[in-house]
Amino acid sequence: EARFTIDAIGRMHATGEKFAMVTAYDVTSAQIVARSGVPLLLVGDSLGMVVQGHDSTLPVTLDDMIYHTRMVMRGASRPLVVTDLPFGSYTIEDDAVRAATRAMAEGGCQSVKLEGGATVAPTIRRLVDAGIPVMGHVGFTPQSVHAIGLRTQGRRADQARRVLQDALAVQTAGAWAVVLELVPAPLAAAITQRLDIPTIGIGAGPDCSGQVQVWHDLLGLYADFVPRHALRLRDFADDAVAALDEYADAVRTGTFPTPAHSSTMAADELERALD
Ligand code: KIV
Ligand code: NA
């Protein structure tokens with residue numbers, strides 16, 4: 001089956017069909033996404049936390065993002081793959097063009113995503129003019145955590161107006177979709193109504209055009225911090241711990257390996273070998 005395209009996502013949006021996006025960071029998870037019906041895969045810079053063990057996305061480099069995108073692309077045959085431009089890689093417009101070009105050409109993704117509203121709109125325009133599809137990301141923008149704090153954006157009228165204006169600026173600049181992160185649900189609904197491009201919510205309520213979740217949150221792989229907006233559908237880490245304990249027991253008690261787990265040989269062959 002062919003890969004999902006930006007047009008295909010646009011058609012879902014036009015018919016009001018809500019769609020899911022999920023992060024993935026390596027070939028195994030990308031293959032699993034490809035087997036599922038999830039049409040959009042994000043190589044998120046959240047890998048700084050869930051893969052690299054940092055406490056923010058700030059230390060993630062462009063080389064890291066390209067490395068993970070290359071692994072993902074070897075498994076992601078079906079989903080449309082979007083790669084985050086990391087902190088500092090698009091502050092200067094010329095850098096942004098170089099970074100996005102590398103993400104697409106070396107990484108192999110179909111779109112990039114970058115954080116910010118009105119202030120990054122000229123950068124988004126530059127990329128779009130260069131033929132690079134861009135997904136925006138407004139509201140809470142994790143790369144700015146030290147500037148804005150870890151909190152919902154837009155509870156007060158003046159902030160809410162700014163989030164709306166940021167989303168509109170991103171659309172006007174040519175982005176094909178925009179993530180709304182930690183935006184009050186009624187504001188996200190109002191923004192979604194006013195925009196022509198799809199909104200993709202995380203902690204932004206049910207009325208966005210789509211939703212995005214982090215792989216580790218969804219599957220219960222990462223215990224340190226479970227955000228309120230996470231949809232935790234499985235406890236894979238608990239299952240994995242139980243499986244590893246069973247394995248250790250099986251080795252200790254000698255129930256593993258069994259004859260089925262290895263091959264045998266003729267007794268005389270062994271005798272001749274040991275002569
Ligand atoms: O990096 C990421 O995983 C993201 C999503 C949470 C939107 O940017
Ligand atoms: Na991100």
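Since this is a predicted model, take the numbers as computed values, not measurements.

### Here's the deal with the packing of helix α8 (residues 157–172) against helix α9 (residues 185–194)
Taken N-terminus to C-terminus, the directions of α8 and α9 make an angle of 30 degrees; their axes are 10 Å apart at the nearest point. Crossing geometry of α8 relative to α9 is assigned as right-handed. Contact residues: Ala160, Val163, Leu164 and Ala167 in α8; Leu187, Ile191 and Arg194 in α9. Looking at the contact of α8 with α9, its residues break down into 6 nonpolar, no polar and 1 charged.

### Quick look at the site of ligand 1
Residues in contact with ligand 1, as listed here, are Thr23, Leu42, Gly44, Asp45, Ser46, Asp84, Val179, Glu181, Ile202, Val212 and Val214. Residues that form the shell around ligand 1 fall into these classes: 5 nonpolar, 3 polar and 3 charged.

### Considerations on the UniProt feature "binding site: Mg(2+)" (unreviewed entry) in the protein chain
In the numbering adopted here, UniProt assigns the feature "binding site: Mg(2+)" (unreviewed entry) to Asp45, Asp84 and Glu115. Annotated residues spanning 71 residues; largest pairwise C-alpha distance 11.0 Å, indicating a single compact cluster. Position of aspartate 84 relative to the elements: it lies in strand β3 (residues 80–84). Setting aside anything within four residues of it in sequence, one finds aspartate 84 in contact with Val43, Gly44, Asp45, Met65 and Lys113.

### Brief notes about the domain arrangement of the protein chain
Bring the parts together and some accessible area is lost; that lost area is often taken as the interface size. Looking at the assigned domains, one finds that the protein chain contains domain 1 (6–234) and domain 2 (239–274). A C-alpha centroid distance of 46 Å is found between domain 1 and domain 2.

### Some thoughts on the nonpolar core
Core analysis: the largest hydrophobic core is formed by 67 residues, its most contacted members being Leu41 and Val178. With 5 residues, the single largest contributor to this core is helix α5 (residues 93–107). Those residues in contact with valine 178 that lie beyond four places of it in its chain are Met135, Gly136, His137, Val138, Ala167, Val170, Gln171, Ile197 and Thr199.

### A few points about the UniProt feature "binding site: 3-methyl-2-oxobutanoate" (unreviewed entry) in the protein chain
Taken from the UniProt record, the annotation "binding site: 3-methyl-2-oxobutanoate" (unreviewed entry) applies to Asp45, Ser46, Asp84 and Lys113. Spatial clustering of the annotated residues is evident: they stretch over 69 residues in sequence, but the largest pairwise C-alpha distance comes to 12.5 Å. Tracing the chain through its elements places serine 46 in the loop between β2 (40–43) and α3 (47–50). In this view, serine 46 contacts Thr23, Thr57 and Val214; residues no more than four positions away in its chain are not counted. When the 31 C-beta atoms within 10 Å are taken as the criterion, aspartate 84 is described as buried.

Basis of the calculations
- Residues numbered from 1 in each chain as written.
- Chains lettered and ligands numbered in written order.
- Predicted model: local features only at pLDDT ≥ 70, side-chain atom pairs only at ≥ 80, totals over all residues.
- Axes fitted to C-alpha atoms, helices over the stretch in contact; angles between N-to-C directions.
- Helix = DSSP H or I, 4+ residues; strand = E, 2+ residues; numbered from the N terminus.
- Left-handed = near helix turned anticlockwise from the far one by under 90°.
- Contact = placed C-beta atoms within 7 Å.
- Nonpolar A, V, L, I, M, F, W, Y, C, P; charged D, E, K, R; others polar.
- Near = placed C-beta within 6 Å.
- UniProt positions renumbered as here; feature names shortened; annotations may be inferred.
- Domains from an automatic or database assignment.
- Core = buried A, V, L, I, M, F, W, Y, C linked by C-beta atoms within 7 Å.
- Buried ≥ 20, exposed ≤ 12 C-beta atoms within 10 Å, placed from the backbone.

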